[in-house]
Amino acid sequence: MTGAVAGAIDRLGLERRKIGLADAALGAWIALLVAVTAYGAATTAGFLTWSNAKAILTATAFVGIIAVGLTVIVLSGNLFSLALGQTAAISAMVFLYSLRIDLGAAIVLTLLLGLAIGAVQGFAVGAWGANPIVVTIGAAGLMEGMAVWLSHGESIVPPSGATSWERLAQPVLGLPAPVYVFLVVTALLVVVMRRTRFGRQIYLLGENRVAARAAALPITLLTVGAFAIASLYTAGSGILIGATSANASLLLTGSYTYDAIAAALVGGNAVTGGRGSIARTATGAIFIATISDMLLLRGYSTGVQILVRGIIVLVVVVLTNLRSRSR
Amino acid sequence: MSGERDSVAAPESRSPGVEETLPVLEVVGVSKSYGPVRAVRELSLDVRVGEVHAVCGHNGAGKSTLVKMLVGLVRPDEGVIRFDGAELSLRNPQEAQAHGIALVNQELSLVPELSVEANIFLGGIDVPLFYRRRRLSDQARAVLDQLGLAHIQLGTLVESLSIGERQLVEIARLLVRNARLLILDEPTATLSKPEIERVFRATRDLVRQGRSVIFVSHRLDEVFELCHRVSVLRDGMRVGTHDVHEIDRRSLIDLMLGEMAGTRTRVKHEHARPGRDAEAVRVHRLNVPGSVEDVSLTLERGIITGLAGQVGSGTSTVLRALGGLEPEARGTIEVEGRPVRLSTPRRAAAAGVLYISNDRQREGLFLGQSVEENLTVQRLRRLSRLGVLLQRRVQQTARELAAIAGIPADRLGAPVASLSGGNQQKVLLSRALRLDGVALLALDEPTRGVDVGGRSEIHNLIRETARNGTAVVFASTELDEVLDLADVVVTLFHGRVVSVVPRAEASASAILADMTTSDRGQRGAAT
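Residues numbered from 1 in each chain as written. Chains lettered and ligands numbered in written order. Predicted model: local features only at pLDDT ≥ 70, side-chain atom pairs only at ≥ 80, totals over all residues.

**Observations concerning the overall build of chain B**
Moving on, step 1. Helices and strands together make up the secondary structure of chain B, namely 18 helices and 22 strands.
Moving on, step 2. At 25 Å, chain B has a C-alpha radius of gyration in line with the 24 Å of a compact globule built from 527 residues.
Moving on, step 3. Along the three orthogonal principal directions, the C-alpha set of chain B runs to about 75 × 55 × 45 Å.
Moving on, step 4. Here chain B holds 527 residues, and the buried ones make up 47% of them.
Moving on, step 5. Across chain B, every contact between residues at least 6 apart in sequence was considered, and the portion connecting residues at least 24 apart equals 70%. (Helix = DSSP H or I, 4+ residues; strand = E, 2+ residues; numbered from the N terminus. Rg over C-alpha atoms; globule rule 2.2 N^0.38 Å. Buried ≥ 20, exposed ≤ 12 C-beta atoms within 10 Å, placed from the backbone. Contact = placed C-beta atoms within 7 Å.)

Next up, the structure:
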């Protein structure tokens, strides 16, 4: 399924670049996944229904928004951010808390906060050459501490009486609003990465940082931009998560960091940067949600779902890595 | 292995260059071709016990192929290598080392994070895990003392040593493995004066003990100072072996150049004359710690300045400093009369200096990205409006540049890694062509790894850029390239400018003399 969708995306010209002919092993693995998914789709009761499709898309939306934002960091060659879950949680909390001003202000404030959180991390990585993993783990700890301190460890709930925020979680034409947001912001980022100078320079930076420096690309600015976008998208997802669950705490977004990374990896983006695309990540996110949904419908436990997801990620990462090394 | 040393016992008092000692190494009629290129042709050579034997030759003369054959990195197509009278057929460097032949080159095989002692024994098969450590330590100590490293503790981490000391530790590592023929490949290129002295002293001690050394160097002073005999290679052949007392520098250079010595007057292209008051960039007393000392240059519009110098002479560093890649550089640089600080590549580019690295894989190209993207990397700002790329103009620009560089237009979408080395180099260079606002183009080894045809095409591109009014400066270790391309030849040796000569007055032998010797001092200082 990943392959088929990615192939279709290639033909439509949405994909920025072709990753080249898939290595035989990777092709076999994708074929296996597609076959298993098709088999599951045909034999799982209730899978091929409109309501289940809606459920899959809904499940994809929150993580999907974070994952496509994260992809900019991956493409820039800065590995991952491990602070995404915390950023989402703190964004949800700030959003619900600042609803007492007014909905628009709450949204703007939260997004600006997200942007700033990412920009600071990006500056540390870009200007000082700090390791992105270390920086983002540090940022995650800092955010967690601040969140617990300021909220006294309690969940944040929307102010009583205000209802304007509920619109953010309500269905529009049968689909929850976050699904539309996911599709729109993904399309937007596809265009940014493909059509802007920033997008092209991110690919070049991710491909070869030393050459990018010698070619006088604005490395600090690009890195700040990559982390700011990832964090901005995560804050946006945090707003939707807060609005959907109507209360926010650190527990809310526990596995989102790893889910977003998994989506980027399953999509086949090169861990080392420079190769991959936003569309790939979106495909990866939808694919993971599909598999989880199928396992759920067949009555497997959460543990099995996590295990299967882990195996898929592992094999794809090993195979894409081998392939890029063989070139 | 240990018994063999007795058989070659050399008298302690033996004076250098004595004739009657036995050869430890004999190379007889060895040839090696890489495809159509005949790197070494029917070469014969012998190295005596207790001798420092210099191997000299200009770039491409076959020195490195010879060295590689001696240490088992390359197998000769024909011919025989004898060591101690026995024929050798080496398949890898480990076998060479087992016979007692060891190579020291600039890429040392030490682990910086480990101690001196650990490095000396690293990879040794018979190092016991627990006992007899003491005896090994004593052995390491003795070898270090012998190499003049008495001041260094066994537990010192290699990363805290100077490069010269590291080189000696590497030699120590080889000595405990009973190396009897040491090949020193350009050992002094990266060393300071006192470090060179130390390496020389150690080398003299080694041969006094009956070991032998092959000394590959571009520095003729050092050849005369250290070596007993010198063999000169040219075009893959040995053109002569002489006792250093029987030959002078002049004839040595003539031997290295052969026919090229006469190229003084053979100017193949029209060269512009400098001195037209078209000053673009002035470099005044540029210093980069450990590499460049007081280099001053004036680079004019429309003039191609060639920096001639061997590896380690500082030519690359001068260009890197211009490109903003040497943060420790000190001195003043003026671009069109304005003083600028070129502390980062971005500052350099903003000031109008464009630098192209000599390492196209690592620091030049974006190998996995398309030819189009590589061609346009330096001008994306001009090809976008409000940050949005103007797709048609991007494609059109890439097509134009590809046409200039002679790269087929149908390859624009292909990853640049899929092109040949020559075409890759053209892509790298072309991204700097036809750019407005560039005062100076700084090219480090612009034709490295490019065949003859590609080379002349690249030279034409560079000439055209200069004709359009850009100042061009390039560095090259190859005399041919300097003579072919440069309008002004600036020769560097050991971080200093030795001579500045307009091409019409330049001769191959004078430049080679400047590239290989220091005793002239600073002659005809830069303007």
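Here the narrative resumes, following the displayed structure.
**Observations concerning the overall build of chain A**
Moving on, step 1. Looking only at helices and strands, chain A has 13 helices and two strands in total.
Moving on, step 2. Computed over its C-alpha atoms, the radius of gyration of chain A comes to 19 Å, within 12% of the 20 Å expected for a compact globule of 327 residues.
Moving on, step 3. For chain A, buried positions account for 50% of its 327 residues.
Moving on, step 4. Considering only contacts within chain A whose residues lie at least 6 apart along the sequence, 79% involve residues at least 24 apart.

**Here's the deal with the sheet that holds strand S4 (residues 78-83) of chain B**
Sheet strands line up and pair through hydrogen bonds in the backbone, either parallel or antiparallel.
All names here are of chain B.
Moving on, step 1. Strand order in the open sheet made by the four strands is S2-S1-S4-S5, with antiparallel pairing throughout. Because the sheet does not close on itself, it has two edges, and the strands there are strand S2 (37-48) and strand S5 (86-88). Put simply, the sheet's adjacent strands are angled 25° from each other on average, direction ignored.
Moving on, step 2. Here five bridges tie strand S1 (residues 23-34) to S4, and the two strands are oriented antiparallel to one another. Residue pairing for S4: Glu 26 is matched across the bridge by Arg 82.
Moving on, step 3. Against the sheet, helix H2 (residues 63-70) touches S1, S2 and S4, its axis set at about 60° to S2. (Pairing = 2+ DSSP bridges. Axes fitted to C-alpha atoms, helices over the stretch in contact; angles between N-to-C directions.)

**Comments concerning the environment of Leu 99 of chain A**
Residue and element names in this part refer to chain A.
Moving on, step 1. Along the chain, Leu 99 falls in the loop between helix H4 (84-98) and helix H5 (103-128).
Moving on, step 2. The class for Leu 99 is buried, based on 23 C-beta atoms found within 10 Å.
Moving on, step 3. Residues Leu 99 and Val 157 lie 58 residues apart in sequence; the distance between their C-alpha atoms is 9.7 Å.
Moving on, step 4. Not counting chain neighbours up to four residues away, the residues in contact with Leu 99 comprise Ala 106, Pro 158, Pro 159, Ala 162 and Trp 165.

**Let's talk about the confidence of the model for chain A**
Residues and elements named next belong to chain A.
Moving on, step 1. Summarising the model, chain A shows a mean pLDDT of 87, and 91% of its residues fall at 70 or more.
Moving on, step 2. Least confident of the elements in chain A is helix H1 (residues 2-12), whose mean pLDDT is 46; most confident is helix H8 (residues 197-207), at 97.
Moving on, step 3. Per-residue pLDDT stays below 50 along residues 6-22; that stretch engages in 17 contacts with residues further than four places along the chain or on separate chains. (pLDDT = per-residue confidence, 0-100.)

**Here we look at the nonpolar core**
Moving on, step 1. Ranked by size, the top nonpolar core spans 243 residues in total, and within it Leu 70 of chain A together with Leu 182, Val 353 and Leu 440 of chain B carry the most contacts.
Moving on, step 2. Broken down by element, this core gets its largest block of residues, 15 residues, from helix H10 (residues 219-245) of chain A.
Moving on, step 3. Non-local contacts of Leu 440 of chain B, meaning those with residues more than four positions away in its chain, are made with Ala 280, Val 281, Leu 299, Leu 322, Gly 352, Val 353, Ala 471 and Val 473 of chain B. (Core = buried A, V, L, I, M, F, W, Y, C linked by C-beta atoms within 7 Å.)

**Looking at the domain arrangement of chain B**
Residues and elements named next belong to chain B.
Moving on, step 1. According to the domain assignment, chain B consists of domain 1 (19-262), domain 2 (267-352 + 437-527) and domain 3 (363-435).
Moving on, step 2. A separation of 32 Å is found between the C-alpha centroids of domain 1 and domain 2.
Moving on, step 3. Listed by partner, the interface residues are 16 residues for domain 1 and 14 residues for domain 2.
Moving on, step 4. Looking at the side of domain 1 that touches domain 2, the elements with two or more residues in it are helix H8 (220-226) and helix H9 (249-257).
Moving on, step 5. Of the residues in the side of domain 1 that touches domain 2, the class split is seven nonpolar, four polar and five charged. (Domains from an automatic or database assignment. Nonpolar A, V, L, I, M, F, W, Y, C, P; charged D, E, K, R; others polar.)

**Quick notes on the interface of chain B and chain A**
Moving on, step 1. Listed as interface residues are 24 residues of chain B and, on the opposing side, 19 residues of chain A.
Moving on, step 2. Those elements giving two or more residues to the side of chain B that touches chain A turn out to be helix H11 (345-351), helix H12 (360-364) and strand S18 (388-389) of chain B.
Moving on, step 3. With four residues, the single largest contributor to the side of chain B that touches chain A is H11 of chain B.

**Re H4 of chain A**
Moving on, step 1. For H4 of chain A, built from 15 residues, the straight-helix expectation of 21 Å at 1.5 Å per residue is met to within 8% by its first-to-last C-alpha distance of 21 Å.
Moving on, step 2. In terms of residue burial, H4 of chain A counts as a mostly covered element, since 14 of its 15 residues are buried. (Expected span 1.5 Å × (residues − 1).)

**Focus on the pairing of S2 of chain B**
Moving on, step 1. Direction of pairing for S1 of chain B relative to S2 of chain B: antiparallel, over a ladder of eight bridges. Among the inter-strand pairings, Val 27 of chain B is bridged to a residue of S2 of chain B, identified as Leu 45 of chain B.

**Topic: the packing of helix H15 (residues 421-430) of chain B against helix H16 (residues 452-467) of chain B**
All names here are of chain B.
Moving on, step 1. Relative orientation of the contacting elements H15 and H16 amounts to 10°, with a least axis distance of 10 Å. Between H15 and H16, the crossing angle belongs to the class labelled roughly parallel. Listed contacts from H16 to Gly 422, Gln 425, Lys 426 and Leu 429 of H15 are Gly 454, Glu 457, Ile 458 and Leu 461.
Moving on, step 2. Of the residues assigned to the contact of H15 with H16, the class counts are three nonpolar, three polar and two charged. (Parallel < 35°, antiparallel > 145°, perpendicular 65-115°, else oblique.)

**Describing the environment of Ala 187 of chain A**
Residues and elements named next belong to chain A.
Moving on, step 1. Inspection of the secondary structure puts Ala 187 in helix H7 (residues 177-195).
Moving on, step 2. When the 15 C-beta atoms within 10 Å are taken as the criterion, Ala 187 is described as partly exposed.
Moving on, step 3. With 95 residues separating them along the chain, Ala 187 and Ala 282 place their C-alpha atoms 9.9 Å apart.

**Structural notes on helix H3 (residues 50-75) of chain A**
Moving on, step 1. By the largest-angle criterion, Ala 61 of chain A marks the main kink of H3 of chain A, which is about 45°.
Moving on, step 2. Looking one or two residues beyond H3 of chain A, the residue adopting positive phi is Gly 77 of chain A, at roughly 80°. (Bend = angle between axes of the 7 residues up to and from the residue.)

**Here we look at unusual backbone geometry**
Residues apart from glycine generally show negative phi values, whereas peptide bonds are mostly found in trans.
All names here are of chain B.
Moving on, step 1. Look at Glu 42: it is not a glycine, yet its phi comes out positive at around 40°.
Moving on, step 2. Within the secondary structure, Glu 42 sits in strand S2.
Moving on, step 3. Of note in the backbone geometry, Asp 235 takes a positive phi value of approximately 50° without being a glycine.
Moving on, step 4. Topologically, Asp 235 is positioned in the loop between strand S9 (229-234) and strand S10 (237-243).
Moving on, step 5. You can call Asp 235 partly exposed: it has 16 C-beta atoms within 10 Å.

**What about the packing of helix H14 (residues 391-405) of chain B against H15 of chain B?**
Residues and elements named next belong to chain B.
Moving on, step 1. At a closest axis distance of 10 Å, the pairing of H14 and H15 adopts a crossing angle of 125°. Judged on the interaxial angle alone, H15 and H14 are oblique. When you trace H14 past H15, the crossing you get is right-handed. Packed against H14, whose contacting residues are Leu 401, Ile 404 and Ala 405, the element H15 presents Lys 426, Val 427 and Ser 430 at the interface.
Moving on, step 2. By residue class, the composition of the contact of H14 with H15 is four nonpolar, one polar and one charged. (Left-handed = near helix turned anticlockwise from the far one by under 90°.)

**What about the pairing of strand S16 (residues 353-356) of chain B?**
Residues and elements named next belong to chain B.
Moving on, step 1. Residues of S16 alternate between two faces, with Val 353 and Tyr 355 on one and Leu 354 and Ile 356 on the opposite face, all of them buried.
Moving on, step 2. Of the pairings in the sheet, the one linking S16 to strand S19 (residues 440-444) comprises four bridges and is parallel in character. The residue bridging Ile 356 from the neighbouring strand is Leu 443, located in S19.

**A word on the sheet that holds strand S14 (residues 330-335) of chain B**
All names here are of chain B.
Moving on, step 1. As summarised here, the arrangement of the four strands in space is S12-S11-S14-S15, forming an open sheet in which the pairing is antiparallel. Since the sheet does not close on itself, it has two edges, and those belong to strand S12 (292-300) and strand S15 (338-340), each with one partner. Across the sheet, the mean angle from the axis of one strand to that of its neighbour is 15°, orientation sign disregarded.
Moving on, step 2. Two strands pair when backbone bridges link them, and strand S11 (residues 279-288) and S12 are joined in this way by six bridges, in the antiparallel orientation. Residue Val 281 lies in a different strand from S12, and its bridge partner there is Leu 299.
Moving on, step 3. Each of S11 and S12 is contacted by helix H10 (residues 315-322), which is oriented at about 115° to S11, the strand it contacts most.

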